[in-house]
2 protein chains.
Amino acid sequence: MIITAVDPFYLKLPVVTDAADGTQDTVLIRIRADNGMEGWGECDASPLVTIATYCCPMSHGNIINLRESLVGETLETVEDIERLHKKALRNGLDIQQIHHAYSGADIALWDLLGKHLGQPVCRLLGEGEAHPKIPYASVLFEETPEATRERAEFLKSQGYRAAKFGWGPMGRYDEACDVALVREVRRGLGEDAHLMVDAGVAWGHDAETAYARAVAFAPYHPTWLEEPLLPDAVEAYAALQRMKPPVPIAGGEGSGRLRDAADVIQNGGLDFVQIDVGRIGGITTAYAVRQMAERQGIQYVNHTFKSHLSVAASLHVFATAEAFRFLEYPAEDSPLAHDLATRLERDADGLVRLNEAPGLGVDVNLDCAREYLQPLHIEMAGETLYETPEL
Amino acid sequence: MIITAVDPFYLKLPVVTDAADGTQDTVLIRIRADNGMEGWGECDASPLVTIATYCCPMSHGNIINLRESLVGETLETVEDIERLHKKALRNGLDIQQIHHAYSGADIALWDLLGKHLGQPVCRLLGEGEAHPKIPYASVLFEETPEATRERAEFLKSQGYRAAKFGWGPMGRYDEACDVALVREVRRGLGEDAHLMVDAGVAWGHDAETAYARAVAFAPYHPTWLEEPLLPDAVEAYAALQRMKPPVPIAGGEGSGRLRDAADVIQNGGLDFVQIDVGRIGGITTAYAVRQMAERQGIQYVNHTFKSHLSVAASLHVFATAEAFRFLEYPAEDSPLAHDLATRLERDADGLVRLNEAPGLGVDVNLDCAREYLQPLHIEMAGETLYETPEL
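**Student:** I would appreciate a short explanation of the overall build of chain A in the present structure.
**Tutor:** Of regular secondary structure, chain A possesses 14 helices and 13 strands. Its C-alpha atoms give chain A a radius of gyration of 20 Å, near enough to 21 Å, the size a compact globule of 391 residues would have. Once the C-alpha set of chain A is aligned to its principal axes, its extents read approximately 60 × 45 × 45 Å. Out of the 391 residues in chain A, the part that is buried amounts to 59%. Taking all contacts inside chain A whose residues are at least 6 apart in sequence as the whole, residues at least 24 apart take part in 74%.

Now the structure itself:
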């Protein structure tokens, strides 16, 4: 089939706050082919900056936009997806945003190819059975330890056996405040639950404080301490690991390129690498990181704080890797997380499985998408560069 | 002083081709303060994607645009510049384009602060005398070896004692063709000139071919072989260096973050690190790489293929480092390279010196800027996000 249209859409809730909650807006990518089929993807990225990457005028041979790279191309095989990945990133060599932006296109191409070939994406990626994962409810810390405990109790009452709390007041005050937050999550979830702590880059490049917090949190036996440091603080991650913290260290969600992930794995020494399929260049790149994690003997986990379209895309990447047990499962209360695509619900065992239908196995809820769609118009010297297409 | 306006401008030649010539368009950044002063910067980046980074609606606490981060802020000291750098990059943690886009703002802030304090930027950055540099004329290979030789002869007739040829047909055909290009540059420039070869990422991740070309080019004694591999091919750079090529290896222009530069220096083993002040986050980040190069005992060089505003900003970064001798000096024939800002002309010795006036020491040619200015309009749901300001 021939790619006939590559359309990004800007979706947004009426009110957006500065909380670290990525479910307040999104950018959906729809790719259509000449056989009438379509595939869908989603980026975890600034919608406007991402859409600009789809329509920016050519600056020279290393700044060519994504529509130009894809429209008119042939898509029949997995090799075509790999070829287009290489072409789009090479054409956009000097567009820093290219990986964030291409992520949604790559996901949509896998969805489209899977539908075309009648295969689920995980089957196109490689051999092996798709295994269920332990979903961990991913939410933000509340403003107080007490409210955080109530949130944890609620998640427990919802049947979650694993939960991650992050950002919010973590790291804002002193060690006692940070510890109180973790302690109350543990109280709320109960002793048997998997508890993950996301420090939300609170300590920048300061490995000593990160180490001190790992020690202070250890009595509550978190499964990991996530992003105690900035994504690019690779030397600080290495320094932290040399101190042998008593809690495994997770990170990597900020990886925008395959090399960023390789760098923080090899030189930062992560125990869990967390990859956002909507940032790193899509399923194609994320799968390469999964394989890298398998070779390195570390754990791969998705980073996902978007809709279930992104949950599904993430899960296809590592469903066939039985050793990678956890699935980040957005549990913030936003229609752009819950209603935008077919949900991958927990089964009777509390686990999440892929829907092994062709493509990603989820559908976009067009009514929801239309409700939050933002009409966008970009015009230069009288020429329209982007106009929100019909949805 | 208080920052009152942060304005990006899209400039473009009437015709843009897919040649690897970065002087076909540009984005200028103007920052104004409440005392009536203004500073100017330039990004080597996609203008549209960059402007989107200045005006994108907030997505959450990690996607906040550059205007929002800067307007209303205080600027009195170098510490303010460092504080704003940290703030802007932290607010834009999840905008991949943030470093490319912030580069122009950081340059403009240094220019503005230098004017405010009556000091050249190099003096604000550190101690030491500003040294002249050997400018190397930076041009593209012509389509044939013969035409390339003529171009080299022309540069020699213009008094250049150093020149770099890059991109174009290099790497497109076989080794004999690649060697013919280098041989004819040497013939055209003469035996005494510094000759640099820019392979324009021709061999991707293929260290063996890069090594073979270094061997084949060695009889023409190039000063360096630049970007034989992709910017993120750090493991391939390391493999290439393990083979001990007979020509020094240069790279790093693709670094969009300080960590990218550190990675390719420490793990790729570059001999020359080439930093674009208009991509890596401005003068502030480039100066950190210069210091890193000094510690590592490797050579720092600017990467510049824009106007003399960028040449000046680049030169302030390493003018006081006598050991770093070469200055990339754009010599393609474009008004956006030659006429957009006061030129740093070669002196009687053929060297280039800073103008040690306050700030960057160059002025923007507003007539030129207005001639190539593109009126741009970005509107979402009836709200104007960006409208080209008066210039």
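**Student:** Help me understand the packing of helix α7 (residues 175-189) of chain A against helix α8 (residues 207-217) of chain A in this model?
**Tutor:** A pair of packed helices is captured by two measures, namely the crossing angle of their axes and the spacing between those axes. All names here are of chain A. Direction vectors running N to C along α7 and α8 enclose 45°, while the axes themselves pass 10 Å from each other. Classified by the angle their axes make, α7 and α8 are oblique. Both α7 and α8 take part in a crossing whose hand is right-handed. Each of E175, D178, V179 and V182 in α7 lies in contact with α8, whose residues at this interface are A212, R213, A216 and F217. Grouping the constituent residues of the contact of α7 with α8 by class yields five nonpolar, no polar and three charged.

**Student:** In this structure, what is going on with the relation of the copies chain B and chain A? I would like to understand it.
**Tutor:** Both copies of the chain are placed relative to one another by a rotation about an axis and a shift along it. Superposing chain B onto chain A requires a rotation of 180° together with a translation of 0.0 Å along the rotation axis, leaving an RMSD of 0.0 Å. Both copies are brought into coincidence by an operation consistent with a two-fold rotation axis. An overlap of 100% is found between the interface residues of chain B and their copies at the interface of chain A, pointing to a shared contact surface.

**Student:** Hey, could you run me through helix α3 (residues 78-91) of chain A in this one?
**Tutor:** Every α-helical turn comprises 3.6 residues, leaving residues that sit three or four positions apart pointing alike. All names here are of chain A. For α3, built from 14 residues, the straight-helix expectation of 20 Å at 1.5 Å per residue is met to within 8% by its first-to-last C-alpha distance of 20 Å. Residues I81, L84, A88, L89 and N91 constitute the buried set of α3. The buried residues of α3 occupy an angular sector of 160° when projected down its axis, which confines them to one face. Exposed and oriented more than 90 degrees from the buried face of α3 are E79, E82 and K86. In this structure, the buried side of α3 is in contact with α2 (66-70), α4 (98-117) and α11 (283-296).

Calculation notes
- Residues numbered from 1 in each chain as written.
- Chains lettered and ligands numbered in written order.
- Predicted model: local features only at pLDDT ≥ 70, side-chain atom pairs only at ≥ 80, totals over all residues.
- Helix = DSSP H or I, 4+ residues; strand = E, 2+ residues; numbered from the N terminus.
- Rg over C-alpha atoms; globule rule 2.2 N^0.38 Å.
- Buried ≥ 20, exposed ≤ 12 C-beta atoms within 10 Å, placed from the backbone.
- Contact = placed C-beta atoms within 7 Å.
- Axes fitted to C-alpha atoms, helices over the stretch in contact; angles between N-to-C directions.
- Parallel < 35°, antiparallel > 145°, perpendicular 65-115°, else oblique.
- Left-handed = near helix turned anticlockwise from the far one by under 90°.
- Nonpolar A, V, L, I, M, F, W, Y, C, P; charged D, E, K, R; others polar.
- Least-squares fit on C-alpha atoms with pLDDT ≥ 70 in both.
- Expected span 1.5 Å × (residues − 1).
- Arc of directions from axis to C-beta.

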